[in-house]
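Inside the fold
Listed below are the residues making up each chain.
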Amino acid sequence: MNDRVYAIFEEQQKDRGINLPDAKEKLKALKIETPSWGYGDSGTRFKVFQQEGVPRDPFEKMEDASVVHKLTGVCPSVAIHIPWDRVDDYSKLKAHAEELGIAIGAVNPNLFQDDDYKFGSVTNADADIRKQATGHLLECVDIAKQTGSKELSLWLPDGSNYPGQADIRQRKHWMYECLAEMYSALDDDMRLLIEYKFFEPAFYHTDLADWGMAYHLAQKLGPQAEVLVDTGHHAQGVNIEHIVAYLLDEQRLGGFHFNSRKYADDDLIVGAHNPYELFLIFYQILDASRDSDPNVRRTAEHISYMLDQCHNLEAKIPAVIRSVMNVQTYYAKALLINYEDVKKAQERQDVLACEAAVREAFEIDVRPLLYAVREEMNVPAEPLKAYQESGYAEKILSRGKGGASW
């Protein structure tokens, strides 16, 4: 990076009243968990498009994830999905990850691919199937304990397609009963992150359809249960940053599954379609980190940032790197908001000044800041370019086609 370019950038931010050393430290502290399934073959409802070189097993997924961490410096953990990442010995998988300089992160149960779950898992009218689903949840808690993971990330696909198909209120009770058993199995330093989605795969009603239901369920289960916000799991036009602000204030925001969508849950590269939304989400989080209430500040500072993406057409590792870089970019922009100016404008009820104080930061080119931070972290200034020049993409072609998929 040109030192003169950064010096100019630094002076500009100083004139705006921004503490740039503080922003740099926050950028260095940002951690983004990548998903094991983001490295494997994936597709649409219609077809899985196989690519050469994708991992053939969870161990190779860890190898790819370690390359992302080596080039970015901010992806030290990998979320796993069970049974996609089931192995005979989880201590070996953990050791393999640690040898590569990374760790196993959130464990994600799968309650949507077994034939028995055709009419639901933890809300199924068949008590034996509910017991089977609960057993899988308990299995995942045990896997988390074996791998050293402190988080269970849970998405429930249960729902119905037609009016009268299901007893909605009864299913609510069954869901709580099963999750309460899972919750009771957590160690004291573990937490359950509850995800929601307003539709799909069911089209009439979804048992856990929105953030309010997830929040209420978390409250009933206990303090180790929190809400996970997937940025693709909302209806068109929903104000996600409002949901984020509310959950922060209630001290129940536990994590994110970052992705991007145009129409529904497209699981595309985060920031690809609505980068301003991502920026505004970080604005709410950083604003909460300045709150007078220490509990709100603590919530804002202990959010798990995770990618949840399935790259159907693009090469897997570059797509993950691009997603990580996009998150860094809009987090960096949010760090450059002059929060004091925003508060003063709010007190004056100067609508235009409020909006301008936020937008000004979004329009700043933060590449000098990101280059400087990466340089200090001893990682490439341009991680995507570094990957393309590394030869790793050519090396893994020897894996051939037919790797692991979801």
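Residues numbered from 1 in each chain as written. Predicted model: local features only at pLDDT ≥ 70, side-chain atom pairs only at ≥ 80, totals over all residues. Heavy atoms only, no water.

1. Describing the side chain of Lys333
Selection rule: Labels follow the DSSP assignment, with helices taken as runs of H or I lasting at least four residues and strands as runs of E lasting at least two, numbered in each case from the N terminus. Three labels apply to residues, based on accessible area from a 1.4 Å probe with only protein chains included: buried if under 20% of the type maximum, exposed if over 50%, partly exposed otherwise in between. For this count, His and the chain ends are skipped, Lys and Arg are scored as positive, and Asp and Glu as negative. Whenever a carboxyl oxygen of Asp or Glu lies within 4 Å of a side-chain nitrogen of Lys or Arg, that contact is scored as a salt bridge. Think of a polar contact as two N or O atoms within 3.5 Å of one another; within protein, one of them needs to be a possible hydrogen donor and the other a possible acceptor, and neighboring residues in sequence only count if both atoms come from side chains. Contacts between residues were defined by any pair of non-hydrogen atoms, one from each residue, lying within 4.5 Å.
Residue placement: Lys333 occurs in helix H11 (residues 316–335). Buried and unpaired, Lys333 has Asp365 as its nearest opposite-charge partner, separated by 6.3 Å. A distance of 2.8 Å separates a polar side-chain atom of Lys333 from the backbone oxygen of Phe362. Non-local contacts of Lys333, meaning those with residues more than four positions away in its chain, are made with Phe279, Ala361, Phe362, Glu363, Ile364 and Val366.

2. Let's talk about the packing of helix H5 (residues 127–147) against helix H6 (residues 168–184)
Note the following rule: Here the axes come from fitting lines to C-alpha atoms, over the contacting stretch only for helices, and the angles between their N-to-C directions go from 0 to 180 degrees. Angles below 35 degrees are treated as roughly parallel, those above 145 as roughly antiparallel, those between 65 and 115 as roughly perpendicular, and all remaining angles as oblique. When the near helix sits turned anticlockwise from the far one by under a right angle, the crossing is termed left-handed; a clockwise turn instead gives a right-handed crossing. Put simply, Ala, Val, Leu, Ile, Met, Phe, Trp, Tyr, Cys and Pro go in the nonpolar bin, Asp, Glu, Lys and Arg in the charged bin, and everything else, Gly too, in the polar bin.
Axis separation between H5 and H6 bottoms out at 9 Å; the angle between their running directions is 30 degrees. Accordingly, the angle class assigned to the pair H5 and H6 is roughly parallel. As for the relative orientation of H5 and H6, their crossing is right-handed in sense. Residues Arg130, Thr134, Leu137, Leu138 and Val141 of H5 pack against Trp174, Cys178, Leu179, Glu181 and Met182 of H6. When its residues are assigned to classes, the contact of H5 with H6 shows 7 nonpolar, 1 polar and 2 charged.

3. Digging into helix H10 (residues 294–301)
Residues separated by three or four positions in an α-helix point in the same direction, a consequence of the helix having 3.6 residues per turn. The line we're drawing: Of all possible arcs, the one meant is that of the directions from the helix axis to the C-beta atoms.
Looking only at H10, the buried set comprises Val296, Thr299 and Ala300. The arc that holds every buried residue of H10, seen down its axis, measures 95 degrees, which confines them to one face. Along its buried surface, H10 packs onto helix H8 (240–249), strand E9 (253–258), helix H9 (275–288) and strand E10 (304–307). Between the side-chain oxygen at the start of H10 and the backbone nitrogen of Asn295 there is a gap of 2.8 Å, and the oxygen is on Asp293.

4. Comments concerning the nonpolar core
Inclusion rule: What makes a nonpolar core is a set of buried Ala, Val, Leu, Ile, Met, Phe, Trp, Tyr and Cys residues whose side-chain atoms join them at distances within 4.5 Å.
Within the largest apolar cluster, 111 residues are counted, with the highest numbers of intra-cluster contacts made by Leu152, Phe256 and Ile285. Sort the elements by how many residues they give to this core and H11 lands first, with 11 residues. Excluding anything up to four places from it in sequence, Phe256 contacts Leu228, Val229, Thr231, Val244, Ile281, Ile285, Ile303, Ser304, Tyr305 and Met306. One finds Trp37, Ala106, Met306 and Cys310 within the second-largest nonpolar core, a separate group that totals 8 residues.

5. Focus: the pattern of salt bridges
According to the stated counting rule, one finds 24 salt bridges in the structure shown. For Arg399, the salt bridge identified is with Asp64, shortest N-O distance 2.9 Å. You can see Arg399 sitting in the segment after helix H16 (392–395) and its partner Asp64 sitting in helix H3 (residues 58–72), a full 335 residues away along the chain. Of the two residues examined, Arg399 and Asp64, each falls in the buried class. The shortest N-O distance in the salt bridge between Lys343 and Asp287 comes to 3.3 Å.

6. Observations regarding the pairing of strand E6 (residues 191–195)
For clarity, the cut-off: Only strands joined by at least two bridges in the DSSP assignment are considered to pair.
By the criterion of burial, E6 is predominantly enclosed, with 5 of the 5 residues buried. Residues Arg191, Leu193 and Glu195 line one face of E6 and the alternating positions Leu192 and Ile194 line the opposite face, and both faces are buried. Alignment of strand E4 (residues 151–154) against E6, held across 4 bridges, turns out to be parallel. Paired with Leu152 across the strands is Leu192, a residue of E6. Pairing analysis gives 4 bridges linking E6 to strand E8 (residues 225–230), with the strands arranged parallel.

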